[in-house]
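Structure assessment
The residues making up each chain are set out below.
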Amino acid sequence: MMSNDPLQFGFLRTSRTELRDIAKAWIIISLAFAFIFSGASLLGGGIGKVTSVQFVVIFGISLFTAGLGFLLHELAHKLVAQRYGCLAEFRAFDQMLYLALGLAVFVGFLFAAPGAVMIAGQVTRQENGKISVAGPLTNYILALIFLGVNFFIPAFSSFTRVGFSINLWLGLFNMIPVWNLDGKKIFLWSKAVWGAMVAVGIAGMVLL
């Protein structure tokens, strides 16, 4: 459902409701990644790390790396959908956000489906596939950028490696062809494109 509190920022149409949902999802997903990367989980016995300075630093890094990946992923969906004449706004899935954080805290695993860009308008299967591929493709591009910075400025490796792995994981995870994930819509549009996107993600995992 589209919001009735529209805002316009240049060519980008959004709303207070969308901005609120994006902020909520950004913070919770970044916090979940902080638990993962710091090794702070109940099952793993490292939950005490949550009070450490290292955890705070990792959370700050996750806010930028995971947050940037999440924001640009959803923005890519939104912009392509608007290009096809659709109304498009992000909506957070509160239950999935709680699940993501709970799994990260208890078992050190992340299932990230924080929400989705809701689209109102008529699109073909091809157009829907292109809207869907825009998000994970953006994550792959960001992963390459972080990898490049890591290569040329190794002093930032603790930051850039996190950015590379988070964005690679976000892109590959979204290629799972089930439920409301991007992979299902891409697979229905073009199995060749879906296969290429999966292959890129798996190749990137080898570099981790």
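What counts and how
Residues numbered from 1 in each chain as written. Predicted model: local features only at pLDDT ≥ 70, side-chain atom pairs only at ≥ 80, totals over all residues. Heavy atoms only, no water. Axes fitted to C-alpha atoms, helices over the stretch in contact; angles between N-to-C directions. Helix = DSSP H or I, 4+ residues; strand = E, 2+ residues; numbered from the N terminus. Parallel < 35°, antiparallel > 145°, perpendicular 65-115°, else oblique. Left-handed = near helix turned anticlockwise from the far one by under 90°. Contact = heavy atoms within 4.5 Å. Expected span 1.5 Å × (residues − 1). Buried < 20%, exposed > 50% of the residue type's maximum accessible area, 1.4 Å probe, protein only. Salt bridge = Lys/Arg side-chain N within 4 Å of Asp/Glu carboxyl O.

1. Regarding the packing of helix 4 (residues 125–152) against helix 7 (residues 191–207)
Put simply, helix 4 and helix 7 touch, their axes get as near as 11 Å, and they point 25 degrees apart. With respect to helix 7, the element helix 4 is oriented roughly parallel. You can see that helix 4 and helix 7 cross each other, and the crossing is left-handed. Across the interface between the two elements, V133, P136, L137, Y140 and L147 from helix 4 touch V193, M197, V200, G201 and L207 from helix 7.

2. A few points about helix 3 (residues 94–106)
Between its terminal C-alpha atoms helix 3 stretches 18 Å, which fits the 18 Å expected from 13 residues at 1.5 Å a residue. For helix 3, the complete set of buried residues consists of M96, L97, A100, A104 and V105. Just downstream of helix 3 lies G108, where phi reads positive at about 75 degrees.

3. Comments concerning the pattern of salt bridges
Counting across every chain of the model gives four salt bridges. For D94, the salt bridge identified is with K24, shortest N-O distance 2.9 Å. Taken together, the residues span a long stretch of sequence, with D94 in helix 3 and K24 in helix 1 (residues 16–38) at a distance of 70 residues. Of the residues examined, K24 reaches a relative accessible area of 29% and is grouped as partly exposed.

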